[in-house]
Amino acid sequence: MAQDTSLVESETVVEPAVEHRTRDPRRPKRFLFLRNGKALTGIGILLFFGVLAVVGPWIAPYDPNQVSVDLLQPPSWTHWLGTDHTGRDILSQIVVGTRGVLVVGLIAGVSATVLGVVVGVTAGFVGGAGDETLSALSNVFLVIPQLPLIIIIAGQLPTAGGVTVALVIGATGWAWGARVMRAQTLSLRKRDFVEAARANGERTWRLVLAEVLPNLTAIIAAGFVGTVTFAVMSQVTLAFIGITPVSDWNWGTILFWAQNNLALQRGAWWWFVPAGLCIALLGMALTLVNFGIDEFVNPRLRSTGMNARVLRRRRIRPRIGFTPVLRTPPGAGPRAAAAGPTRKERS
Amino acid sequence: MRFAVRRTIFYLITAWAAVTINFLIPRLMPGDPVTALMGRMQGRIDSNAEESIRVLFGLDTSSSIWQQYVDYWGLLLRGDLGLSFTFFPTPVAEIVQQALPWTIGLVGIATIIAFVLGTSIGVAIGWRRGTWADALLPITTFFSAVPYFWLGLIAITVFSVTLGWFPSSGSYDRGMVPAWSWEFVGSVIYYGFLPALTVVLSSIAGWILGMRNMVVTVSSEDYVTVAHAKGLPERTVMVGYAARNAILPQVSNFALSLGFVVGGTLIMEMVFSYQGIGYTLFQAVNTQDYPLMQGCFLVITLAVLGANIIADFVYAALDPRARQEG
Amino acid sequence: MTASTLDVPAPTGAVGEPVLEIENLSVDYGYVDDATHVLRDVSLTLHRGEVLGLAGESGCGKSTLAYAATRLLPPPGLITSGSVHFTDRDGRRTDVLRQSDAELRASRWRDTAIVFQGAMNSLNPVYRVGRQIADGILAHRPGMRRREAWDQAASLLEMVGINADRLRDFPHQLSGGMRQRVMIAMALALDPQVLIMDEPTTALDVVMQRQIVEEIADLRQRLGFSVVFITHDVSLLIEIADRIAIMYAGDIVEDAGAEEIYRRPRHPYSSALLHSFPPLRGERRELTGIPGAPPDMHRLPPGCPFAPRCAHAMDVCREVRPGLTATALGDRGAQEAARRVACHLHDPASAGAHGLPPDLSR
Ligand SMILES: Nc1ncnc2c1ncn2[C@@H]1O[C@H](COP(=O)(O)OP(=O)(O)O)[C@@H](O)[C@H]1O
Ligand code: SF4
Ligand SMILES: [Mg+2]
């Protein structure tokens, strides 16, 4: 019995001396995220569209509503992306429409994220009946198909301008974020530093603001990017089916005009291909940023050092269950240099 | 057992919430578009039908909101969703009933094909991480970001306008009479092929990426290494250990993103003028047919709920821990 | 002997010829040029019937050594050089690192079985325990029927003291100790010649640790396999090991008989490590932690990696890396002569003038 106690004691006394080594030298560093190639590509594309959204109306070659006699012209030097059935310049419609897309995406993203964080963190933090209720609420919103819901709400509003649509998207799209935030808060709540702050009698809201939220940054960011993606897609879809006013230019509106004026049947590809590519490019940029965040949060997804060229050159096939063995031809020396100081050789 | 009870309660709550949302939306909207439309229908609408519409859209301001709510449930339980304005005087329930099988056939089958195919490809790519298979990822990412309906437009341009291989709209040859004949079924498949292909192409990317990431994550679990250490055949380790566990979050994601996927694929019906619920909803929105809009939304929600229940049972069948804890 | 269906060889008892020889094994983490060199030219031999303990602070590369020797190291692990020879009962010697995938798969579990660190995650959560034991057996006995494999799994469970109806349980229905026993039963399924156990008791409470250690000792007596027992708890090793190798920063710094290490450590790190754990029985020693932290393997300084924490460090220690050689006290008999230490204190050329410090020359 006495021996057993001594061993238990050893766990508290000795462990710090023996076990306090940080296991993984590649633990996430603050700006690691920005060194991720995928995230960087995504951010670059986003910046491009962001600038376009700000300066769009000034740099657009024509007024997007200005009709002309160049009806349904294919791309040319005067109209880089051609014209529509009333002779309006499509490039100008795309450039001017960028702002509408991004503004709606941002407003919807921010409002859904705020709602999601508030609901999720509250649910995770208060626990009990409050948690049950809020979780049930977010699960209900997750199951109800959002796009049809948005369609019938927007369809019944007398005027559904960009901001209204953004708010409707925000009000219906928060549930996913809330669910993730709740799970993360629950696991954080049990960590030492939060427990410690609690024991010190810190006020709950201070605890949430100062200790819990900063640890959820990456997750919040991922939720935000996801919601912006969804908002952009929803808004473009609503514009395409003609629910939002067709005079508000955004990429979906262009597709609406194209679809309703038989652009497909007339072979006017310049009318609907560029706008769709812009949507896809923006969506891809957002997805790439989210990949970056995913890899930042889940190190297993990172392909550290998996440079395809190096792998081929060194003839390594990374595999689980069968560790690659480097085969240097006999007599080749460079390995010794790569392996660092070998014993006794340096004396 | 506890699991089944908990889930049943959850689904009842969700169904109740969907109905209640449907009840509240027209009552919360500013303005009163329905009264105006009713005015136009003056005389053509019988008093019984008028009564249903009054209850459905809260025009009866004389009775209390609770009374309206009770009446509303009464109508729904009798299967009365009011009359459509556009297809006057066809009851909404009838229109929805005709459209639903087409949607379940097209969207349902295409979604299942996309899920199964995408999940299998995701396993293959995730398992061969660090090889040529990774080259598929950028393409997949692009496809995951393409709006569904735009892919539909491109498909129509290429395969029906340019190549003329498939019809660009409709769900069967209008010259035929619907019947269980080879000819008719063949026509349905012929007309459904392009929309289905587009639905599969645009939703498969999400399943591929999700499963690939799960396989990569699960592959570094200890039990996968143990399976290798036991000298099990590679296929057994990949399928029975890595994929078998990676599929669990994939199935719960399937349930959760079903609403999203279905929303997107309904738009595809609009692009292809395919006579399902999505196209009906589209027509209702364009003609401001409020009873039909409400009816479509209710049915879509209940259908997604049904699919969720199935996904839940599949999950419980796959994960022994879920069966026990609930 | 219980009614086991295993065909059990006569326990050898005496320590025999080598069964697993690891020679100059080097391992990197990362495939690119700035990879971390975690193991550098590590050599270690396991003899037939022996229990070899591998000890060291966590992060020193014990698991890396075990997994590299079995080629189970996950990406980004890369074996850059060395050989691992396995000698079969009939004397056939094969280099595990040169085996084809098929050969390796066939020899795994049959020749060398492993009990992994953390039994919690070693079992597939969606399969019944019985299936997981049986699939290992069936993979190596193609003609065998499923029924037979399950019967054999049942007797294996009974052998480690678990009721056979537990076969139909899922892993989450078992306690931590039971899962660890299941892993041991699973590892013994094909009557392997080498059993590698990575921290098999770390997650368990003291009573359970003791039971498991005794059980392993007992099973080895009966079945006659050789064991590599990995732990960061040296005092536990004294109980079970015949021989102990101490690792530090990806190197073996001392390799000697268990009794020798325990009574007379010859490397300053071994000595420090012994003083940071209380013994399971016997007199209580004064506990002192080891000051400082293990080095960052990515940026190892030249010379002895222990130098920054070593009380006896000399100038030469910071420049030249000591090799694993005989001790300065090799003339004190066969036990002492068989021992190897990597420390300049034992190198006649560099430490002759200073002599050995008293705590290392008892
Ligand atoms: N994936 C990895 N990438 C880089 N370094 C790693 C990785 N895994 C482990 N290491 C490093 O390798 C060293 C040895 O780890 P390990 O063999 O697990 O030690 P032990 O089993 O003795 O606790 C540690 O310093 C650890 O930081
Ligand atoms: S070589 Fe020098 S620093 Fe290293 S353990 Fe021996 S005395 Fe200490
Ligand atoms: Mg370890």
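Residues numbered from 1 in each chain as written. Chains lettered and ligands numbered in written order. Predicted model: local features only at pLDDT ≥ 70, side-chain atom pairs only at ≥ 80, totals over all residues. Heavy atoms only, no water.

Let us look at the nonpolar core. If you look at the biggest cluster of nonpolar residues, it comprises 161 residues, and the most contacted ones within it are Ile151, Trp251 and Leu255 of chain A. With 19 residues, the top contributor of residues to this core is helix 10 (residues 234-271) of chain B. What tryptophan 251 of chain A contacts, discounting residues up to four positions off in sequence, is Phe49, Ile94, Gly97, Thr98, Val101, Ala275, Cys278, Ile279 and Leu282 of chain A. Membership of the second largest hydrophobic core comes to 117 residues, among which are Val27, Ala149, Ile196 and Ile212 of chain C. (Core = buried A, V, L, I, M, F, W, Y, C linked by side-chain atoms within 4.5 Å. Buried < 20%, exposed > 50% of the residue type's maximum accessible area, 1.4 Å probe, protein only. Helix = DSSP H or I, 4+ residues; strand = E, 2+ residues; numbered from the N terminus. Contact = heavy atoms within 4.5 Å.)

This part covers unusual backbone geometry. Each neighbour pair has its own omega, and for proline 75 of chain C with proline 76 of chain C the value is 5°, a cis peptide bond. Here proline 76 of chain C is to be found in the loop between helix 1 (62-69) and strand 4 (77-87). A positive phi angle, near 45°, is found at serine 273 of chain B, a position not held by glycine. Mapped onto the elements of the fold, serine 273 of chain B is located in the loop between helix 10 and helix 11 (277-286). Serine 273 of chain B gets classed as partly exposed once you look at its relative accessible area, which sits at 26%. Positive phi, close to 45°, is recorded for asparagine 24 of chain C, a residue that is not glycine. Within the secondary structure, asparagine 24 of chain C sits in strand 1 (residues 18-29). What makes asparagine 24 of chain C partly exposed here is its relative accessible area of 41%.

Our focus in this paragraph is the confidence of the model for chain C. Close reading of the predicted structure is inappropriate where its pLDDT is low. Residue and element names in this part refer to chain C. Here chain C averages 84 in pLDDT, while 89% of its residues score no lower than 70. Low pLDDT, under 50, characterises residues 1-14; the predicted model gives this stretch 23 contacts beyond four residues in sequence or across chains. Across the assembled chains, the prediction reports ipTM 0.86 with pTM 0.82. (pLDDT = per-residue confidence, 0-100.)

Our next topic: the UniProt feature "transmembrane region" (unreviewed entry) in chain A. Residues and elements named next belong to chain A. Residues annotated in UniProt with the feature "transmembrane region" (unreviewed entry) correspond here to residues 39-60, 101-127, 134-154, 160-181, 216-243 and 269-293. The span residues 39-60 is 95% helix and 0% strand, and its two end C-alpha atoms sit 29 Å from each other. Taken end to end, residues 101-127 is 96% helix and 0% strand, and its two terminal C-alpha atoms sit 38 Å from one another. (UniProt positions renumbered as here; feature names shortened; annotations may be inferred.)

With that settled, the discussion passes to the interface of chain A and chain B. Listed per partner, the contact involves 56 residues of chain A and 62 residues of chain B. Taken over both partners, the interface formed by chain A and chain B buries close to 5100 Å², and the fraction arising from carbon and sulfur atoms is 75%. The interface formed by chain A and chain B includes one salt bridge. Of the charged contacts, one joins arginine 319 of chain A and glutamate 234 of chain B as a salt bridge, the two residues approaching to 3.6 Å between their closest N and O atoms. (Buried area = accessible area lost by both parts, 1.4 Å probe. Salt bridge = Lys/Arg side-chain N within 4 Å of Asp/Glu carboxyl O.)

Each strand in a sheet pairs with another by means of backbone hydrogen bonds, the pair being arranged parallel or else antiparallel. Residue and element names in this part refer to chain C. Taken in spatial order, the seven strands make up an open sheet running 6-7-8-3-9-10-11, and their pairing is mixed. The outermost strands of the open sheet, each flanked by one partner alone, are strand 6 (112-115) and strand 11 (340-341). Where strand 10 (residues 251-257) and strand 11 come together, two bridges link them in antiparallel fashion. Following the sheet pairing, aspartate 255 is matched in strand 11 by arginine 340. (Pairing = 2+ DSSP bridges.)

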